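So the chains spell out like this:
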Amino acid sequence: MKMKTDILIIGAGLTGLTTAYTLARRGRDVTVLEQMDRAGGQIQTHREQGFVFESGPNTGTVSNPEVAELMADLENISGGKCRMETAPDASKRRLIWKGNRFHDLPSGPVSAVTTPLFTLADKFRILGEPWRKKGTNPDESVGSLARRRLGRSFVDYAVDPFLSGVYAGNPDTLITRYALPKLYRLEQDYGSFIRGSFAKMKEPKNDRDRLATKKVFSAVGGLGQITHAMADYLGTALLTGVRDVRVMPTEYGWKATYVDKAGEQQTIECRQVVTTCGAYCLPELLPFIDDSSMRQLSNLSYAPVVEISVGVRDTFGGDYHAFGGLVPSCEQQPVLGILFPSACFTDRAPEGGALFSYFLGGVRHAELLGKSDGELTDVVEQCFHSMLKFPKQAKPDLIRIFRHLRAIPQYEITSGERFATIERLQRRYSGLTIAGNLRDGIGMAHRIKQAVETADKCLEFKV
């Protein structure tokens, strides 16, 4: 069979769904192809025994207006079924493991001076940061930049665990201008993180800018509500369970072939194609691209992650009113961190209980993905007592294990080559957009912003 559509989108993760949803809301004819039998990509919410837990991302941040605008629109079209929920102030606490317990990450000048996380020398070094010379290496790693400006203990007990929480990565291989471009620009534009932060705070903001509250968010009932709402709106324009998707340019636009759920070969003709899948999918998806360009395009490594949801019906009086705790690699613990979703959002655990999300693996300990469920359960129970301080008689009521071989893209030294290749290919092949988390950031807010910008670009397209 052969069908036609205006814009074909490959992948129904957050980026693909948001792109398609935005275009459909503006009256454009779109079709989405998804290999999995469901939409949402890594976003998936589970409900079991009174616990509501995620097997992918746990939270996003309202760091740009596009997030607030999307959530407001979804609430409107879903009749209130999809509503944004932001974390309360109590959950702003970030904890860092040192020694034998979690400590509060400093949130102001007083706590920065009194914290046991940083050495006295580095506390003075932080105070002198505004007067330090800016770097000249455009490919400086996050670890190198932070050590130069703030000191080794700050890297060990702030930067390293932060990057473990965001990228599950290594601060010495993540390149600042790719992985944390805003931080890079603070030093380059203002000469200092501190001076730049104050200057940014003083910049005038319009009403739309103020929508970016920087609050941590989810949806009432879990992040899956967001992707479900968009998938429901797209209806039959979303085709799941397809395989062997191939895209080729033609004289009049583009042609895609795929095998549907019934095993039948199908063809779609379209004017524009947007890919939102992982870099590792692109060699088969875009066979017309030359080998040299494809190597540059797919030169992306991913951090493997084990995510374990742990639920308890009784907290035994423990204080878990925080966003969660991160673990520096120098502390040699088996986990990257433990988030406290039930402290951030409502109805994630039965009353009186709590929900935790353990994260293990990352680029430094990829071997943990090969551990058996029994071995991972042993890690959970060990940390349950040693880190979360549950009494010996306490046991988790729920343990669910999720393995992600390619969880988080690593924006390393090859990223610049990849970004340049994407731009070159998009100029060469009219109507092609290569999107997804292989560029423009990995967080939910990055994905939503990129999707809206991609939709705008599609709307402006002229043959």
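The structure presented is a predicted model; accordingly, all values stated were derived computationally and were not measured.

Visitor: Honestly, the overall build of the protein in this entry has me stumped. Any pointers?
Guide: A count of helices and strands for the protein gives 16 helices and 21 strands. Against the globule reference of 23 Å for 463 residues, the protein gives a C-alpha radius of gyration of 23 Å, in line with a compact fold. Viewed in the frame of its principal axes, the protein has a C-alpha envelope of about 65 × 55 × 45 Å. Every one of the 463 residues in the protein was classed for burial, and the buried ones make up 54%. Accessible surface, the protein as shown: approximately 21100 Å² in total, 52% of it carbon and sulfur.

Visitor: Just checking my understanding: could you explain the packing of helix α5 (residues 142-150) against helix α6 (residues 152-166) for this structure?
Guide: Each pair of packed helices gets described by two things: the angle between the helix axes and the distance between those axes. Where α5 contacts α6, the axes come no closer than 9 Å and their chain directions differ by 145°. Note that α5 runs across α6; the crossing there is right-handed. Between α5 and α6, the residues in contact are Val142, Gly143, Ala146, Arg147 and Leu150 and Arg152, Phe154, Val155, Val159 and Leu163, respectively. Tallied by class, the residues present in the contact of α5 with α6 amount to 7 nonpolar, 1 polar and 2 charged.

Visitor: Please explain the sheet that holds strand β21 (residues 432-434) as it appears in this structure.
Guide: Whenever strands of a sheet pair, they do so through backbone hydrogen bonds, lying parallel or antiparallel. Spatially, the 5 strands line up as an open sheet ordered β11-β3-β2-β15-β21, and their pairing is parallel. Each of the sheet's edge strands pairs with one partner strand only, and the pair in question is β11 (238-239) and β21. As paired strands, strand β3 (residues 30-33) and β11 are joined by 2 bridges and run parallel to one another. Residue Val32 lies in a different strand from β11, and its bridge partner there is Leu238. Together, β2 (7-10), β3 and β11 form the strand contacts of helix α1 (residues 14-25), whose direction differs from that of β2 by roughly 160°.

Visitor: Got a minute to help me understand the sheet that holds strand β7 (residues 84-86) in this structure?
Guide: The antiparallel open sheet is built from 3 strands, whose spatial order is β6-β10-β7. With one partner strand each, in any of the chains shown, β6 (60-61) and β7 form the two edges of the open sheet. Sheet topology note: the β7/strand β10 (residues 216-219) ladder contains 3 bridges and is antiparallel. Within β10, the position partnered with Glu85 by the bridge is Ser218.

Visitor: Could you clarify how one ought to interpret a nonpolar patch on the surface in this entry?
Guide: A cluster of nonpolar side chains, Leu120, Phe124 and Leu127, forms an exposed patch at the surface whose accessible area comes to about 360 Å². With respect to the element layout, Leu127 can be found in helix α4 (residues 120-127). Judged by its relative accessible area of 55%, Leu127 falls in the exposed class.

Visitor: Which parts of the structure should I look at to understand the nonpolar core?
Guide: Among soluble globular proteins, nonpolar side chains are generally buried collectively. Formed by 37 residues in total, the largest nonpolar core has its most connected members in Val159, Leu163, Tyr167 and Ile408. At the level of secondary structure, the elements contributing two or more residues to this core comprise α5, α6, α7 (176-179), β16 (302-312) and β20 (398-409). Looking at which element gives the most residues to this core, the answer is α6, with 6 residues. Leu163 has contacts with Val142, Ala168, Gly169, Pro171, Leu174 and Leu180, leaving out every residue within four places of it along the chain. If you look at the next biggest cluster of nonpolar residues, it comprises 35 residues, including Ile7, Leu14, Tyr21 and Ala229.

Visitor: Can you walk me through the pairing of strand β8 (residues 94-98) in this structure?
Guide: Consecutive residues of a regular strand have side chains that alternate between opposite faces of the sheet. Sheet analysis places β8 next to strand β17 (residues 324-326), joined by 3 bridges and oriented parallel. Bridge pairing in β17 places Arg94 opposite Gly324. With 4 bridges joining them, β8 and strand β9 (residues 101-104) adopt antiparallel strand pairing. By the bridge assignment for β9, Trp97 is matched with Phe102. Adjacent in sequence and paired antiparallel, β8 and β9 are bridged by 2 residues, among which Gly99 carries a positive phi angle near 75°.

Visitor: Can you help me understand the packing of aromatic side chains in this one?
Guide: The relative placement of two aromatic rings is captured by the distance of their centres and the angle of their planes. Taken as a whole and assessed by the stated rule, the structure comprises 18 aromatic pairs. Their ring planes at 70° and their centres at 4.8 Å tell us that Phe288 and Tyr429 sit as a pair that is edge-to-face. Of the two residues, Phe288 sits in the loop between α11 (282-285) and α12 (291-297) while Tyr429 sits in the loop between α15 (415-428) and β21, which places them 141 residues apart along the sequence. What makes Tyr429 buried here is its relative accessible area of 13%. Measuring from ring centre to ring centre gives 6.0 Å for Phe356 and Phe390, while their planes differ by 85°; the resulting arrangement is edge-to-face.

Visitor: Can you help me understand the environment of Lys98 in this one?
Guide: Counting through the fold element by element, Lys98 comes out in strand β8. Taking the C-alpha atoms as reference points, Lys98 and Leu326, 228 residues apart in sequence, are found 9.8 Å from one another. Not counting chain neighbours up to four residues away, the residues in contact with Lys98 comprise His103, Pro116, Leu117, Tyr157 and Glu331.

Visitor: Just to check I follow, could you spell out unusual backbone geometry for this structure?
Guide: The phi angle of most residues is negative, glycine excepted, and most peptide bonds adopt the trans form. With a phi angle near 55°, Gln49 is a residue other than glycine that sits in the positive phi range. Turning to its location among the elements, Gln49 is positioned in the loop between β4 (45-48) and β5 (51-54). Although it is not a glycine, Lys214 adopts a positive phi angle of roughly 70°. Note that Lys214 resides in the loop between α9 (193-202) and β10.

Visitor: Would you mind going over the side chain of Asp160 with me for this structure?
Guide: For Asp160, the position within the fold is in helix α6. Apart from residues lying up to four places away in sequence, Asp160 is in contact with Val155, Pro171, Val327, Pro328, Ser329 and Arg364.

Visitor: Even after reading the chapter, I still don't get the pattern of salt bridges, so can you show me in this structure?
Guide: Opposite charge on two side chains lets them pair, provided their charged atoms get close. On inspection of all chains with the given rule, the structure shows 27 salt bridges. Note that Glu69 is salt-bridged to Arg208, the shortest N-O span being 2.7 Å. Of this pair, Glu69 sits in helix α2 (residues 65-77) while Arg208 sits in the loop between α9 and β10, placing them 139 residues apart in sequence. The salt bridge partner of Asp89 is Lys92, with a shortest N-O separation of 3.4 Å. Accessibility assignment for this pair places Asp89 and Lys92 in one class, exposed. Bridged by salt links that share partners, the residues Glu66, Glu69, Arg208, Lys449 and Glu453 form one connected network.

What counts as what
Residues numbered from 1 in each chain as written. Predicted model: local features only at pLDDT ≥ 70, side-chain atom pairs only at ≥ 80, totals over all residues. Heavy atoms only, no water. Helix = DSSP H or I, 4+ residues; strand = E, 2+ residues; numbered from the N terminus. Rg over C-alpha atoms; globule rule 2.2 N^0.38 Å. Buried < 20%, exposed > 50% of the residue type's maximum accessible area, 1.4 Å probe, protein only. Areas by Shrake-Rupley, 256 points an atom, 1.4 Å probe, with all protein chains shown as cover. Axes fitted to C-alpha atoms, helices over the stretch in contact; angles between N-to-C directions. Left-handed = near helix turned anticlockwise from the far one by under 90°. Contact = heavy atoms within 4.5 Å. Nonpolar A, V, L, I, M, F, W, Y, C, P; charged D, E, K, R; others polar. Pairing = 2+ DSSP bridges. Patch = residues over 30% accessible without salt bridge, like charges linked within 9 Å, V, L, I, M, F, W, Y side chains within 5 Å. Salt bridge = Lys/Arg side-chain N within 4 Å of Asp/Glu carboxyl O. Core = buried A, V, L, I, M, F, W, Y, C linked by side-chain atoms within 4.5 Å. Phe/Tyr/Trp six-rings, centres within 6.5 Å; stacked < 30°, edge-to-face > 60°.

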